[in-house]
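# Structural characterization, general
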Amino acid sequence: MNENVKYHVDSGVLYVCLIGRLDANNAPEVEKVINEAKTANPELPVVVDAEKLEYISSAGLRVLLRLRKEKEDLAVINTSTEVYEIFDMTGFAEMMTVKKAYRHLSVDGCKLLGKGANGAVYRYDDETIVKVYFNPDALPDIQRERELARKALVLGINTAIPYDIVRVGDSYGTVMELLSAITLTDMLKKDSENMEAPLKYYVDMLTQIHDTEVKTDDMPNEKGIVLGWAEFDKDHLPKELGDKLYSMVEAVPERRTMMHGDYHTNNVMIREGEALLIDMDTLCWGHPIFELGSMFNAFVGFGEVDPNVTMNFLGVTPEVAKKFWRKALAMYLGTEDEARLNEVEDKAKVVGYTRLLRRTIRRNEPNREELIAYYKEKLYDLIPRINELTF
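Residues numbered from 1 in each chain as written. Predicted model: local features only at pLDDT ≥ 70, side-chain atom pairs only at ≥ 80, totals over all residues. Heavy atoms only, no water.

Counting residues in hydrophobic clusters, the biggest one holds 74 residues, and the most contacted among them are Tyr202, Tyr263, Leu292, Trp325 and Leu389. A per-element tally of this core places helix α13 (residues 338-362) first, with nine residues. Formed by 29 residues, the second largest nonpolar core is a distinct cluster that contains Val5, Val16, Ala59 and Val83. (Core = buried A, V, L, I, M, F, W, Y, C linked by side-chain atoms within 4.5 Å. Buried < 20%, exposed > 50% of the residue type's maximum accessible area, 1.4 Å probe, protein only. Helix = DSSP H or I, 4+ residues; strand = E, 2+ residues; numbered from the N terminus.)

Structure below.
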């Protein structure tokens, strides 16, 4: 075989392995070997393994282009970052499946910074953090989050941009550079009595997010998601309450306000006095009441029945979490009026408990029935005395 190309058959697939450089000097000979392999295995799908490919020129790309004309499902796997950039820049990554080779990392022994619906974030070393996704087929989710983070950065939101994709066990992770950064939760743990500094970071960032308008096709509409929760809950609530809940969500006006969607103290990091937003896969747009509902759950709702949930999720006591939530709400609204705070909090609770009821019904948790009864009781109390969710 040519020293720049080898091939073998494995599990009904013809693997063509490219080695070194593929350019005008050797492209004809490499193509000849590939054609011989195809002739010997005419019915098999072809996968090009680029693990040992160091460089590919336009002449090499044309070899793959001719191969793809015969094998429409051609895939190129295990490309280095440098080789992938050539495929991406030339448009070949859009014409055929091209997959990077991802380096492997272990987060064993790494500090857990926080968990969200889709993954967990770890401090990997002094300079980097890694978000590990729960879904083992998370590459589309990772690409989506990177695009959302990029859009947020362009709109002026200070965020950590993922710069590398890695394998962590059987799943994928994204690596972000955050030199010597700490979370707001870390600040609360150090001094839970003095919340002034973390509160200011937290609310200033929240205000900046909510002051940002987005194009509606750039991010998901959170109202549609909450309507889905309400629709689901209608089957588990008395008809009058279920209908009113759905109607209140439906009546919330459309607003192109950017929202984080999972805004809590684990997702705001401080580096050299500057706040950075992380965990961007939940970015969305809509009325801020939906953000407040998510915030209520993070600080209060998730751990109301079992306080250990708050300790495990945020790393602070339920008392500290609830105090922070209430003070953040007051600072965000710009008022200390208890009646006003209670009014907006109750509306946030409706959104929060609507999600929690659906989430619990769909999950098989040890105290599932207790939680369902609790969230129903809360909604039974709130829905009759609230007529709109806006504030």
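Its identity as a non-glycine residue notwithstanding, Asn78 has a phi of 60°, on the positive side. Along the chain, Asn78 falls in strand β4 (residues 75-79). In this structure, Asp279 is a non-glycine residue whose phi angle is positive, near 60°. Along the chain, the position of Asp279 falls in the loop between β15 (274-277) and β16 (284-285). Judged by its relative accessible area of 6%, Asp279 falls in the buried class.

It is worth spelling out the packing of helix α8 (residues 222-234) against α13 at this point. Remark: α8 packs on α13, axes separated minimally by 9 Å, with the N-to-C direction vectors making an angle of 60°. Here α13 runs oblique to α8, going by the angle between their axes. The crossing of α8 and α13 is left-handed. Residue-level inspection shows Val226, Trp229, Ala230, Phe232 and Asp233 of α8 in contact with α13, the latter providing Val351, Thr354, Arg355, Leu357, Arg358, Ile361 and Arg362. Here the contact of α8 with α13 is built from residues that sort into seven nonpolar, one polar and four charged. (Axes fitted to C-alpha atoms, helices over the stretch in contact; angles between N-to-C directions. Parallel < 35°, antiparallel > 145°, perpendicular 65-115°, else oblique. Left-handed = near helix turned anticlockwise from the far one by under 90°. Contact = heavy atoms within 4.5 Å. Nonpolar A, V, L, I, M, F, W, Y, C, P; charged D, E, K, R; others polar.)

Its 16 residues place the ends of helix α5 (residues 139-154) 23 Å apart at the C-alpha level, agreeing with the 22 Å of an ideal helix rising 1.5 Å per residue. Turning to α5, its buried residues number three or more, namely Ile142, Glu145, Leu148, Ala149, Lys151 and Ala152. Considering only its buried residues, α5 is in contact with β9 (128-133), β10 (164-168), β11 (171-177) and β13 (258-259). Phi turns positive one or two residues past the end of α5, at Gly156, with a value near 100°. (Expected span 1.5 Å × (residues − 1).)

The next subject is the packing of aromatic side chains. Ring pairs (aromatic) are described by centroid distance and by the angle formed between their planes. This structure, assessed with the given rule, holds eleven aromatic pairs. Ring centres 5.8 Å apart and planes at 75° place the aromatic pair Tyr374 and Tyr375 in the edge-to-face group. Classification of Tyr375 as buried rests on a relative accessible area of 3%. Taken together, the ring pairs connect Phe296, Trp325, Tyr353, Tyr374 and Tyr375 into an aromatic cluster. Looking at Arg167, its charged tip hangs above the ring of Tyr172, at a distance of 4.2 Å from the centre. Geometry around Tyr246 places Lys234 over its ring, the cationic atom sitting 5.0 Å from the centre. (Phe/Tyr/Trp six-rings, centres within 6.5 Å; stacked < 30°, edge-to-face > 60°. Lys NZ or Arg CZ within 6 Å of the ring centre and 35° of its normal.)

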